[in-house]
Amino acid sequence: MLAGEWYLADDPELIAEAERAAVLSERFNTADALDREGRGKILAELLGGLGEDVAVRAPFRVDYGTHITIGARTFINFGAVLLDCAPITIGEDVQIGPNVQLLTPIHPLEAEPRRNKWEGAKPITLGDNVWLGGGVIVCPGVTIGENTVVGAGSVVVRDLPPNVVAVGNPARVVRELPAHEGEFPTPS
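Residues numbered from 1 in each chain as written. Predicted model: local features only at pLDDT ≥ 70, side-chain atom pairs only at ≥ 80, totals over all residues. Heavy atoms only, no water.

Novice: Could you clarify how one ought to interpret the sheet that holds strand β13 (residues 124–126) in this entry?
Specialist: Strand pairing in a sheet relies on backbone hydrogen bonds, with the paired strands running either antiparallel or parallel. Taken together, the five strands give an open sheet; going across it, the order is β2-β5-β8-β13-β16, and neighbouring strands pair in parallel fashion. Whereas interior strands pair on both sides, the edge strands pair on one side only; in this sheet they are β2 (49–50) and β16 (143–144). Both strand β8 (residues 88–90) and β13 contribute to a ladder of three bridges, which runs parallel. Across the sheet, Ile90 pairs through a bridge with Leu126, a residue of β13. (Pairing = 2+ DSSP bridges. Helix = DSSP H or I, 4+ residues; strand = E, 2+ residues; numbered from the N terminus.)

Novice: For this particular structure, what's the right way to read the environment of Ile137?
Specialist: Mapping Ile137 onto the fold places it in strand β15 (residues 137–138). For Ile137, a relative accessible area of 22% corresponds to the partly exposed category. Sequence-wise, Ile137 and Gly127 are ten residues apart; in three dimensions their C-alpha atoms are separated by 16 Å. When residues no more than four places from it in sequence are discounted, the contact partners of Ile137 are Gln101, Leu103, Ser154, Val155 and Val156. (Buried < 20%, exposed > 50% of the residue type's maximum accessible area, 1.4 Å probe, protein only. Contact = heavy atoms within 4.5 Å.)

Novice: Help me understand helix α2 (residues 36–46) in this model?
Specialist: Each α-helix winds once per 3.6 residues, and so residues spaced three or four apart point in a common direction. For α2, the set of buried residues is Arg39, Ile42, Leu43 and Leu46. Projected down its long axis, α2 carries its buried residues within an arc of 100°, all on one side. Of the exposed residues in α2, those oriented more than 90 degrees away from the buried face are Glu37 and Lys41. On its buried side, α2 packs onto α1 (12–30), β2, β3 (55–56) and β4 (60–62). (Arc of directions from axis to C-beta.)

Novice: What is the right way to read the pairing of strand β20 (residues 172–176) from this model?
Specialist: Within a regular beta strand, the side chains point alternately toward one face of the sheet and then the other, so they alternate between its two faces. Little of β20 is tucked away, with zero of its five residues classed as buried. As paired strands, strand β19 (residues 164–167) and β20 are joined by four bridges and run antiparallel to one another. The residue bridging Ala166 from the neighbouring strand is Val173, located in β20.

Novice: Whenever I open this one, unusual backbone geometry confuses me. Can you help?
Specialist: Excluding glycine, a negative phi dihedral is what most residues carry, and trans is how most peptide bonds are arranged. Between Ala58 and Pro59 the backbone carries a cis peptide bond, its omega angle lying at 0°. Relative to the helices and strands, Pro59 is located in the loop between β3 and β4. Here the residue pair Asn169 and Pro170 is connected by a cis peptide bond, since its omega of 0° sits within 30 degrees of zero. Position of Pro170 relative to the elements: it lies in the loop between β19 and β20. Phi is positive for Asn129, which is not a glycine, with a value near 65°. Position of Asn129 relative to the elements: it lies in the loop between β13 and β14 (131–132). The phi dihedral of Asn147 falls on the positive side, at around 70°, and the residue is not glycine. When you line up the elements, Asn147 lands in the loop between β16 and β17 (149–150).

Printed below as a string of structure tokens:
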């Protein structure tokens, strides 16, 4: 599966990994919202890598969790779905709006193999300081470059370069973002 080859998702080992993720996700999603330390421990156990000061709001859904790495100071809003049949790498200082979906699985176009439950997966990578607006869908195999902003409701089917704004279905670059160091005050 992680090698990008076709696989059967009902493999007993994958089922066990998915059940582990379901139990940990349920614990996270039902934990006391004010128990940041306890929720952080659950996330650290669920995910493959978790940076410092990451904030994830419940509900949060994953396939396996162990193939997800989230960089420091990233914020993930309510209703995120991260289907990690292939690695999902989220950089530092990323902002993910509500109901965003990061979808690594692919399925055969031909009916017979699809009926026989074959599937594959391609990794997703979000660079540092990416902002995904509410309801964005990122499709399998996509890389989004650092500092890029994707408008709400967009569907990202191809890689996006760094430092751009992209919108639409399919998402397309509508402008470049120049560096404006020092334009805004630094939070204290």
